[in-house]
Amino acid sequence: MKKFLALVLAVAMVLGISAVSFAEEISVANAADVWAKTWADVDTSEHVVINYMTTGDAPTTGANPEMLEMLNKILTEKANAEINIVWISWTDYLANYNLRIASMDGSIDLIGSSTDWLDAWPNAKRGGFLELSEEMLAKYAPVTFATVPAEHWAVCTYEGNIYFIPEDHYSQWTNHGWAYRLDWAKEAGLQDGVHNWDDLTVYVKYVKETYGKDLLAVWDSDGTAYPASGYISSFRKWRSIDGIASGALWGGYLDDPYTINNIFLDETDLLVAYAKLMKEWDEIGVWPTDVLSNTGADNRVEFRQGKVGLEQHHTQTWTGLVSPKADTQNTMYLTDEDADVGFFYWTEPAGYVCRDLVTHGVAAVSAASKNPERTLMVYDLLRNDRDCYDLFNYGIKGRSYDINEEGYRFTPDSFSSDKDGISTNWWWGRNDDLEIPSAAMNWDAINALYDKYEAEAVMYPYEAFVFDNTNVQSYINQVNETYTRYMKLICYGQFEDAEEIVAEFQAALRAAGSDEVTAELQRQIDATYKN
Amino acid sequence: MSKVINPALPGRKTTFGRKFWNSRVLLLMCLPAIVYFIAFSYAPLPGIYVAFVNYNYRLGIFGSQFVGLKNFEFVANSGKLWMLTSNTILFNLAFILLDNLVAVVVAILLKEIQSKMFRKVSQTMMFLPYFISQVLVGLLVYSLLNSDTGFLNSVLTQMGAAPLRLYKNGDPWPFIIVMVHLWQKTGYNSVVYFAAIMGIDQEVIEASMIDGANGWQKIRYIILPSLRPTIVILLLFALGGIVKGDFGLFWNLVGRNPILYQKVDIIEMFVYRATVSDFNFSTASAVGLYQSLIGFVLVLAVNGVVKKLEPDYSLF
C-alpha cells in the first residue's frame, strides 16, 4: 500500500512538473500578457517615485529629462510609478556608494550593483539589501523571474535568501588586457598585432622611440592599475575568486579550481620575471617618471584622442575604442586616418578566457525602500518591455538614435550629444532579447575577437561561492594594504632588485596573514563544493 | 552687573535654581555653544559602542552583534601600531611646537611693523593659504616638485643641474610636509597671538621705554611674559588632538605613493588604505576611540604638569 501510494505520488509529481512546462513559456514576447495577468490584483492606487541609484556622473546636458518624462508616462500607466535617477559620481564612488546604502533613509529603492566591482555581497551581508523571496519575485517581477534560470538565482542566494537580480542575459566580455594602437604595432613589425608580453615590449619600445616626443606618455598611468596577476594568467590557467580582496590574489588553477592558493606566493618565478619586465619598461620610459603620484591623469580619454599608446582595461572598453563612431572623444581617427586599435587580453598566450560572472551586474532593492513591490515592477518593465527598454537604454527614437534597414541602431545626422544624448548607466538589467546592435560599432573587429573567445571560453568556477569573511577580515585588510603597497612598486619597476622586492612582498603577505585567509577560503570552498 | 555676578545677598541661601535664574542672561549667551557641544560631542557618545559590534545597517548600532575587541584587532595585528602612533605624535609635536613658535614670532614682527598698510597687506598674504583646499595644495606641490614638468626641476635642468626626483625618494618628505603645513597655517595661528599682543596694556610698554628698554628687551621682558597664558592654553588644547593626524594634508601630498608614505605614515593613512575597500564603520570607530583615549590621557597628564608648575594656567 505504501509503495503504491509512493508511486501514485511520484506519477502525480511528474505530471505536475510537465504540466508546468507545457504552459506557455514566459518571455519578452508575451510579457504584456504576463503582466496583465499577474499584476491584476496588485494595489497600485498610490502613485510612487522609484529612486534608482547608479554610479556615474549626472548628465548636465542632453535629453535625459525628456526621455524620463516619456518613460514615466509609460511606467505610470503600467505600474503607477515613475523613476528618478540618483547618481553617485565617479570621484570616490565606492565609498559614497556604500555610504548612501548605509544611510538607510528610504531615499533610494533600486540599486545597481556588482559582486566584482561594487560591493554587492558586503552590502547584502550588512543588511543594506532587501531579501527577495521567490514568491515576491514571481509576483512583482514575473518576466524576469521566469527568464532567469534557477542556477543563476542560486548564485544570488546567501543563507537561503535571494539578494539581487543578475544581469545574466546580456553578452559582454569584461576580461582585462591591453588596448594598443594596431597601426603602430604594424609599423613596429608586428604584422599580426600584439599577442604576448614580448610583442608588447617591442611595441612600447617602438612607440617610445618613434612617437615619444609627441605623446604625453606611452601609457599615462596614474599608478593604480596592477597587471601582475594578469601577467601570471598569461602563462598559467588560473582564475581568481572575485570579491575577496582588493586584488586578484586568491584562486585556483583551472584543472583543479577547488584547491585554493595565493598566486603571488605560488608563482615566484613568474612574479620575478614580471618585475624584471616592468623594470625594463620603467627604463624605456613607458610611464611618467612620477607615475605613483600622477593622480590627475585620464589615460582613457588621452588614448581616444591619440595622445598615448596604451590603455589597460577590459574587452568591453576596447569595443568602444576600436569603433571610431562609438564615442565623440575618439578623435584619433580624425587626426590619423590609419588609426586602429588592437586588444591583447592577458589570458591569450595561455589560450583560454573566463566567461563573465552573471553577477558582474546585478540589481538590488534597498532594505529601506518604502515600495519594494513597485520597485520590482519597474525593474521588470525596464528589463523586459520594448518601449521602456529602448527609452532607458537608447533614448528618444528619431533624436537620440534611429534604426536602419538592416536593423542596426545609428545616431541621426541631427544628433548632438548636448541636446539629444541620454545616459542612465543601466548596467544591471540589459537584455539580449531586446538589444539593438549599434551601427557605430566596428563589428568586424569585435566579432572576430568574440568568436575567438567563444572557442576558448571556460566557466568562472566559483559562481556558487559566497565568502563569509567574518573570521579573517582583519587579515584581508592587512593583505590589501600590503598588496597595494608592493604592487605599486613592482608593477611600475620602482625598486632596485626584482628578486629582493618579490621576496620582501611575499614575506609581507605572510606576515599580514595571507596563509590564514587561504586556509579559511579552502575550508569554505570545501564546504561548498566537496559535498 | 554686579547683581548678576554676585547674586547672594546677605542672609539668603543660594540655591541652584536661583543661581540659574540670576545668571539667565549669561547662560542665554552661552546657549549656542552649549547646544553645539551637546549635539555634536555628548549626544553621539553612546555611538562609541559601534566600535564593539559587527555593525548591521538594519539592526542598528545597539541591535548588532557584540564582538568585543575584534574590531581593534586589525590595527593591533598590523605590527605597525607603535610606528604609526609614534609617527603621528612626532609629526603633531613638530606641528604644535613650530606652529606656536613661528606664530609668536610672526605676531611680534607684525606688531613691530610701523606702516599700517604694509602690515595689513602682509597679514592678508599670510592668511590666504589657510583658505586653500588641501586637494589644491597637493596639486600645487606636485606641480612644483614633480620630475617631468615640475617648476623646481625645470629650473634645475635649465641651469644644468641634475633634477631632484622627490617623488621617488621618501627622505625629504617629513620636512616638505612640515613646511607646507607651516605655510598654510601660520597666518591663521598668528592672529590669536597678534590679538593677545594688542591686548597688552600699552602703559606698561610705554613705561618700559621710558625706563630705557630697547626693542629686544621690550619683547623679552614684557611681550613674551604677557603671552605666556595664551601660549600655554593653546598648547594644551592642541595636545588633546596629538594622536589625530591631519589626514587631508598627508593624503593630498603623499597619497598612495608607497615610496613616500613608508617614511611618513600616520594612523589615519594606514587605516584608510587598509579599509577603503572594506567600508567598515566599526573598525574606523575602533581606531577613532583608540586615538581619543590616548588624547584624553595626554591632556590629563599635561594638565597635571601645568597645574604643578603654573596652577593659574591649568585648564581645570
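A quick note: this is a predicted structure, and the numbers were derived from the prediction, not measured.

**A word on the overall build of chain B**
At step 1: When helices and strands are tallied, chain B shows 16 helices and two strands.
At step 2: For chain B, whose C-alpha radius of gyration is 25 Å, the value lies well above the compact-globule estimate of 20 Å for 316 residues.
At step 3: Overall size of chain B, expressed as C-alpha extent along the three principal axes, is 75 × 65 × 35 Å.
At step 4: In chain B, the share of contacts with a sequence separation of at least 24, taken over all contacts with a separation of at least 6, comes to 64%.
At step 5: Here chain B has roughly 18,300 Å² of accessible surface; of this, 69% comes from carbon and sulfur atoms.
At step 6: When the 25 positive and 15 negative side-chain charges of chain B are each reduced to one mean point, those points stand 9 Å apart.

**Let's talk about empty space enclosed by the protein**
All names here are of chain A.
At step 1: Taken as a whole, this structure holds two cavities of 30 Å³ or more when the rule is applied.
At step 2: When its volume is computed, the largest cavity comes out at roughly 50 Å³.
At step 3: If you go around the largest cavity, the residues you meet are Val28, Thr147, Asp168, His169, Arg383, Asn384, Asn431 and Asp433.
At step 4: Along the lines of polarity and charge, the residues of the lining of the largest cavity split into one nonpolar, four polar and three charged.
At step 5: Its boundaries defined by the atoms lining it, the second largest cavity holds a volume of some 40 Å³.
At step 6: Tallied by class, the residues present in the lining of the second largest cavity amount to four nonpolar, four polar and two charged.

**Things to note about the interface of chain A and chain B**
The accessible area lost on association of the parts is a frequent measure of interface size.
At step 1: Residue-level contacts link 37 residues of chain A with 35 residues of chain B.
At step 2: Buried area between chain A and chain B, both sides added, is near 3,200 Å², and the carbon and sulfur share of it is 49%.
At step 3: The largest per-residue losses of area from chain A upon contact with chain B belong to Arg126(A), Asp290(A) and Arg485(A), which jointly make up 21% of the total buried on that side.
At step 4: Linking chain A to chain B there are five salt bridges.
At step 5: Close ionic contact of Arg58(B) with Glu131(A) constitutes a salt bridge, the shortest N to O distance being 3.1 Å.
At step 6: At the junction of chain A with chain B, the criterion picks out eleven residue pairs in polar contact (both at pLDDT 80 or more).

**A closer look at the layout of surface pockets**
At step 1: Empty space within the second largest pocket amounts to approximately 770 Å³.
At step 2: Along its surface, the second largest pocket is lined by 37 residues, and Arg126(A), Asn469(A), Thr470(A), Asn54(B) and Tyr55(B) are the ones closest to its centre.
At step 3: Those elements giving two or more residues to the lining of the second largest pocket turn out to be α5 (120–125) and α21 (473–491) of chain A together with β1 (53–54), α5 (73–77) and α16 (281–309) of chain B.
At step 4: Among the elements that make up the lining of the second largest pocket, the one with the highest residue count is α5(A) (four residues).
At step 5: Here the lining of the second largest pocket is built from residues that sort into 13 nonpolar, 15 polar and nine charged.

**Section: the sheet that holds strand β12 (residues 341–345) of chain A**
Note: strands within a sheet are paired through backbone hydrogen bonds, in either parallel or antiparallel orientation.
All names here are of chain A.
At step 1: Strand order in the open sheet formed by three strands is β11-β7-β12, and the pairing between neighbours is antiparallel. Strands at the two margins of the open sheet, each flanked by one partner only, are β11 (310–314) and β12. Adjacent strand axes in the sheet meet at a mean angle of 30 degrees, parallel and antiparallel pairs treated alike.
At step 2: The pairing of strand β7 (residues 176–181) with β12 spans five bridges and is antiparallel. Looking at β12, one finds that Ala179 is bridged to Phe343.

**Let's talk about the domain arrangement of chain B**
At step 1: Taken domain by domain, chain B holds domain 1 (2–37) and domain 2 (79–276).
At step 2: Here the C-alpha centre of domain 2 of chain B lies 41 Å away from the C-alpha centre of domain 1 of chain B.

**Structural notes on the pattern of salt bridges**
All names here are of chain A.
At step 1: Taken as a whole and assessed by the stated rule, the structure comprises 31 salt bridges over all chains.
At step 2: Between Arg430 and Glu167 there is a salt bridge, with its nearest N and O atoms 2.8 Å apart. Within this pair, whereas Arg430 is found in the loop between α19 (417–420) and α20 (443–456), its partner Glu167 is found in the loop between β6 (165–166) and β7, the two being separated by 263 residues in sequence. Of the two residues, Arg430 and Glu167, neither departs from the other in class, the shared state being buried.
At step 3: The partner of Lys452 in a salt bridge is Glu348, and the shortest N-O contact between them spans 3.0 Å. Of this pair, Lys452 sits in helix α20 while Glu348 sits in the loop between β12 and β13 (353–354), placing them 104 residues apart in sequence.
At step 4: By relative accessible area, which is 35% here, Lys452 ends up partly exposed.
At step 5: Residue class for Glu348 comes out buried when judged on its relative accessible area of 10%.

**Topic: a nonpolar patch on the surface**
At step 1: A contiguous nonpolar surface patch, about 1,100 Å² in accessible area, is contributed by Leu28(B), Leu31(B), Ile34(B), Val35(B), Tyr36(B), Phe37(B), Ile38(B), Phe40(B), Tyr42(B), Leu45(B) and Ile48(B).
At step 2: Structurally, Val35(B) can be placed in helix α3 (residues 24–42).

**Some thoughts on unusual backbone geometry**
Residues and elements named next belong to chain A.
At step 1: We note that Met104 has phi near 50 degrees; this positive angle belongs to a residue other than glycine.
At step 2: The residue Met104 is located in the loop between α4 (93–103) and β3 (110–113) in this model.
At step 3: What makes Met104 partly exposed here is its relative accessible area of 22%.
At step 4: In this structure, Glu159 takes a positive phi of about 50 degrees despite not being glycine.
At step 5: Following the sequence through the fold, Glu159 ends up in the loop between β4 (157–158) and β5 (161–162).

**Here's the deal with the sheet that holds β6(A)**
Residues and elements named next belong to chain A.
At step 1: As summarised here, the arrangement of the five strands in space is β2-β1-β3-β14-β6, forming an open sheet in which the pairing is mixed. Strand pairing shows two members of the sheet lacking a second neighbour, β2 (81–88) and β6, which therefore form its edges.
At step 2: Bridge count between β3 and strand β14 (residues 362–365): four bridges; the pairing is antiparallel. Within β14, the residue paired with Gly112 across the bridge is Ala363.

**Re the environment of Gly47(B)**
At step 1: Position of Gly47(B) relative to the elements: it lies in the loop between α3 and β1.
At step 2: Counting along the chain gives 65 residues from Gly47(B) to Glu112(B), while the straight-line C-alpha distance between them is 50 Å.

Thresholds, definitions, all that
- Starting from 1, residues in each chain are numbered consecutively following that chain's sequence as written.
- Here every chain gets a letter starting at A, and every ligand a number starting at 1, in the order they are written.
- Totals for whole chains, interfaces and linings use every residue, but because this is a predicted model, local features are given only for residues with pLDDT of at least 70 and side-chain atom pairs only at 80 or more, for both listing and counting.
- Excluding hydrogens and water, the side-chain figures rest on all heavy atoms present in the structure.
- For helices the rule is a DSSP run of H or I covering at least 4 residues; for strands it is a run of E covering at least 2, with both sets numbered from the N terminus onward.
- Each radius of gyration reported is based on C-alpha atoms, and the globular scaling rule is 2.2 Å times the count of residues to the power 0.38.
- Two residues qualify as a contact provided that any one of their heavy atoms is within 4.5 Å of a heavy atom in the partner residue.
- The method behind every accessible area is Shrake-Rupley, applied with a 1.4 Å probe, and residues are considered shielded solely by the protein chains displayed.
- For the purpose of counting charges, residues Lys and Arg are taken to be positive, whereas Asp and Glu are taken to be negative. His and the chain ends are not included.
- Here the site of a charge means NZ on Lys, CZ on Arg, CG on Asp, or CD on Glu.
- A pocket, in this scheme, is an open set of points on a 1 Å grid over the protein atoms alone with protein on both sides within 12 Å along at least 5 of 7 lines, while a cavity is a set where a 1.4 Å probe fits but cannot get out; residues line either one if an atom lies within 4 Å of a point.
- Grid points are joined across faces, edges and corners, and a volume is the space filled by probe spheres set on the points.
- Under the convention adopted here, Pro, Cys and the residues Ala, Val, Leu, Ile, Met, Phe, Trp and Tyr are nonpolar, Asp, Glu, Lys and Arg are charged, and Gly plus all remaining residues are polar.
- Two parts placed together each lose some accessible area; with a 1.4 Å probe, that loss summed over both constitutes the buried area.
- For this analysis, a salt bridge means a side-chain nitrogen from Lys or Arg found within 4 Å of a carboxyl oxygen belonging to Asp or Glu.
- Two N or O atoms count as a polar contact when they lie within 3.5 Å, although within protein this holds only if one can serve as hydrogen donor and the other as acceptor, and sequence-adjacent residues are included solely when both atoms are side-chain atoms.
- A pair of strands is treated as paired once DSSP finds two or more bridges between them.
- A fitted line through C-alpha atoms serves as each axis, taken over the contacting stretch for helices, and the angle formed by two N-to-C directions is quoted from 0 to 180°.
- For the purposes of this description, domain bounds are those given by an automatic or database domain assignment.
- Here the term buried applies to any residue with accessible area under 20% of the maximum for its type, exposed to any over 50%, and partly exposed to those in between, with areas from a 1.4 Å probe on protein chains only.
- Only residues whose relative accessible area exceeds 30% and that form no salt bridge enter a patch; like-charged residues are grouped when within 9 Å of one another, and nonpolar side chains (Val, Leu, Ile, Met, Phe, Trp, Tyr) when within 5 Å.

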